[in-house]
Structure formats: structure tokens, C-alpha cells
Amino acid sequence: YNAVEQLLEVYGECRPLSKEEKKYLPIMLLYPADLIREWLGVWNRREGYHPKEVWRYFQDVAKQWEKRKEFVRTCMAMIK
């Protein structure tokens, strides 16, 4: 998590990030499998995958971010 924050901070110095990018990029970088799964579902027109549903999914992930962030930090502390 800290590495992602540092990466985006440095990147933001080269190209300022929008409010939306600041909100969603960390989630997408930390949970790339979620992003790819949802994107592939829409791309392949799988049942239950629609751009609006994927957008809602990522909004829900953003709402859960504080809980997920704490989970990631706890896991990282255990394996260090």
C-alpha cells in the first residue's frame, strides 16, 4: 500500500491526477485481478457484466477501501 501511495505521489508530480484518479488508481493497482476480471466480463459480454454494474462494483470497492486498506496492512505486518 505504501509503495502504491509513493508511486502515485511521484507520478502526480509529473502529471497531476484528477480527484477520480486519486480515488480509483490505488484500488486498481492494489487489486488488479478485480479490475481485469470485471473488464474481461464486459469485454466478453458475459452475463451479469455490464459497464454500469462494473462501475457500481468499483464504487463499492472504493467505499470498502478503509477496511481493505487495514486488512492489507495487517497482512503485510504478519509476513514481514
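Check the entry above for the structure.
Let me sum up the structure you'll find in this document. (Residues numbered from 1 in each chain as written. Predicted model: local features only at pLDDT ≥ 70, side-chain atom pairs only at ≥ 80, totals over all residues. Heavy atoms only, no water.)

1. Remarks on the packing of aromatic side chains
Ring pairs (aromatic) are described by centroid distance and by the angle formed between their planes. Evaluated as defined, the whole model comprises 1 aromatic pair. Summarising the aromatic geometry, the rings of tyrosine 24 and tryptophan 55 are spaced 5.4 Å apart at their centres and angled 45° between planes, so their arrangement reads as tilted. Taken together, the positions of tyrosine 24 in helix 2 (residues 19–30) and tryptophan 55 in helix 4 (residues 51–63) put the pair 31 residues apart, joining distant regions of the chain. Residue classification places tyrosine 24 among the buried positions, given a relative accessible area of 7%. Note on tryptophan 55: relative accessible area 43%, which makes it partly exposed. (Phe/Tyr/Trp six-rings, centres within 6.5 Å; stacked < 30°, edge-to-face > 60°. Helix = DSSP H or I, 4+ residues; strand = E, 2+ residues; numbered from the N terminus. Buried < 20%, exposed > 50% of the residue type's maximum accessible area, 1.4 Å probe, protein only.)

2. Focus on the packing of helix 2 against helix 4
Contact geometry for helix 2 and helix 4: axes closest at 10 Å, N-to-C directions at 85°. Here helix 2 lies roughly perpendicular to helix 4, going by the angle between them. On the side of helix 2, the interface is formed by Glu20, Lys23, Tyr24, Ile27 and Met28, while helix 4 contributes Trp55, Phe58, Gln59, Val61 and Ala62. Its residues assigned to classes, the contact of helix 2 with helix 4 shows 7 nonpolar, 1 polar and 2 charged. (Axes fitted to C-alpha atoms, helices over the stretch in contact; angles between N-to-C directions. Parallel < 35°, antiparallel > 145°, perpendicular 65-115°, else oblique. Contact = heavy atoms within 4.5 Å. Nonpolar A, V, L, I, M, F, W, Y, C, P; charged D, E, K, R; others polar.)

3. Quick word on the side chain of glutamate 38
Position of glutamate 38 relative to the elements: it lies in helix 3 (residues 32–43). In contact with glutamate 38, not counting residues within four places along its chain, are Tyr49, Val54, Tyr57 and Phe58.

4. Notes on the pattern of salt bridges
Within this structure, the stated rule accounts for 4 salt bridges. Across the pair glutamate 38 and arginine 37 runs a salt bridge whose closest N-O atoms are separated by 3.1 Å. Ionic pairing is found between arginine 56 and glutamate 53, a salt bridge with its closest N-O pair at 2.3 Å. In this pair, arginine 56 and glutamate 53 are both assigned in helix 4, 3 residues apart and thus about one turn of the helix distant. A relative accessible area of 41% places glutamate 53 in the partly exposed class. Taken together, the shared-partner salt bridges in this structure form one network comprising Asp34, Arg37 and Glu38. (Salt bridge = Lys/Arg side-chain N within 4 Å of Asp/Glu carboxyl O.)

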